[in-house]
Every structure is written in C-alpha cells, then in structure tokens.
Amino acid sequence: MHNKSILIGEGSLIIQCAELLLEREHEILGIISLDGLIEGWAKEKGISHIQPTDNLLAFVSQQPFDYLFSINNKAVLPKEILDLPQQYAINFHDLPLPKYAGVNVASWALMQREKAYGVTWHVMTELVDGGDILKQVPIDINERETTFTLKVKLYEAAIRSFAELIDELSS
C-alpha cells in the first residue's frame, strides 16, 4: 500500500522532500505553496497545487490521505485541517524543540555560543510546537560557525532525517 500525502510550505526543501516521497513510491495528492518554483515543480510532476490563500479545507478534504507535511510553513493550521490525515500532520522545524522555538533562531544559538543545535519533525496539534517529536537530529556547532554554514548543515540534516522518517513511517 502506498501512502498518500499533502505538503504545505515554502522553499526548496519542500521539493527535496517531495522527491524523496516520490522515489519511495508515495503518492502526493497536492502541494500548497506561494512559491512559484514549487508551483512549477508540481505542475511538471502533474501534482495538484493551490495557494495558501485558496480554500485549504476544500483542497485537503477532497480525498483521504495519510500524512500532511508542513515544511517551512509559517501559518498555523486550524484543527479541522490537522485532524484530516489518517496518520499524522507533521511539521518540520530547523531547530531543536523544545529548547528553541519560533523562527530564525539559529542566530540566537550562535550568539549564545551553543555547542549543538538540530532539526525536529513533530506531530502537529492545536498547541503550536506541542506535539510529539517523531525525529530529531542534533547538529554540532563549531566555534567558527556562521548562520549561513549552520543553515547549510540544517538543510542537509532535514533531507537526511526526512528520508529516515518516511522510511520509519512506512514500516
């Protein structure tokens, strides 16, 4: 049985994650994004696409699906959407919950001279960032780290951990 997913978010990471889903023969029912690059990618792959300003509930409730992946998505999704996946609504953060939360906090970790940071995939609930952690990958920070180099490490960890996560969810 192939899992069915819907993705919401921005940036190139969502495309990388979608490619991993397709490589593993998962079906992507739709992508929700403002990003024109993502819209073009979805069109090329024959995947339905809408803007976040469109009717999300109507779009995601067209047919049953297993997972909703929120990747670099800044909007808080309502409970009625979070309840639709038959398995999980899963959010990605390029930060180690619960120690850090919010957006653009990698620079705070550097300013606080942290030795480690990380990425987190967690279940989405009505309580923002309050769901169970499904996958967390620590990242070492060296003394010459910059926000840019840390972001590159986080991006690589995100892709690697997403591949592991979907393999674990499938088994």
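Residues numbered from 1 in each chain as written. Predicted model: local features only at pLDDT ≥ 70, side-chain atom pairs only at ≥ 80, totals over all residues. Heavy atoms only, no water.

A.B. asks: Before we move on, can you summarise the packing of helix 1 (residues 12-23) against helix 6 (residues 147-170) with the specific residues and values?
C.D. replies: Contact pair helix 1 / helix 6: the axes reach a minimum separation of 10 Å and the direction vectors enclose 30°. Taken together, helix 1 and helix 6 sit at an angle that is classed as roughly parallel. Of the two elements, helix 1 crosses helix 6, and the hand of that crossing is right-handed. Each of Ser12, Leu13, Gln16, Cys17, Leu20 and Leu21 in helix 1 lies in contact with helix 6, whose residues at this interface are Tyr155, Ala158, Ile159, Phe162, Ala163 and Ile166. (Axes fitted to C-alpha atoms, helices over the stretch in contact; angles between N-to-C directions. Helix = DSSP H or I, 4+ residues; strand = E, 2+ residues; numbered from the N terminus. Parallel < 35°, antiparallel > 145°, perpendicular 65-115°, else oblique. Left-handed = near helix turned anticlockwise from the far one by under 90°. Contact = heavy atoms within 4.5 Å.)

A.B. asks: Break down helix 2 (residues 36-45) for me, citing the residues and quoting the values.
C.D. replies: One turn of an α-helix holds 3.6 residues; hence residues three or four places apart share an orientation. When we look at burial in helix 2, the residues that qualify are Ile38, Trp41 and Ala42. On an axial view of helix 2, the arc spanned by its buried residues comes to 100°, and they lie on one face. Those residues of helix 2 that are exposed and angled more than 90 degrees off the buried face are Lys43 and Glu44. The backbone nitrogen of Leu37 has a side-chain oxygen 2.8 Å away, supplied by the residue at the start of helix 2, namely Asp35. Looking one or two residues past helix 2, Gly46 carries a phi angle of roughly 75°, positive in sign. (Buried < 20%, exposed > 50% of the residue type's maximum accessible area, 1.4 Å probe, protein only. Arc of directions from axis to C-beta. Polar contact = N/O pair within 3.5 Å; in protein donor to acceptor, adjacent residues only side chain to side chain.)

A.B. asks: Kindly report on the sheet that holds strand 5 (residues 88-93), identifying the contributing residues and their values.
C.D. replies: Strands sit in the order 3-2-1-4-5-6-7 across an open sheet of seven strands; the sheet is mixed. The two strands at the open ends of the sheet, each matched to only one other strand, are strand 3 (49-50) and strand 7 (133-140). Where strand 6 (residues 116-123) meets strand 7, seven bridges bridge the pair, whose relative direction is antiparallel. Of the residues in strand 7, the one forming a bridge with Tyr117 is Ile139. Helix 6 contacts strand 4 (67-71), strand 5, strand 6 and strand 7 of the sheet and is inclined by roughly 150° relative to strand 7. (Pairing = 2+ DSSP bridges.)

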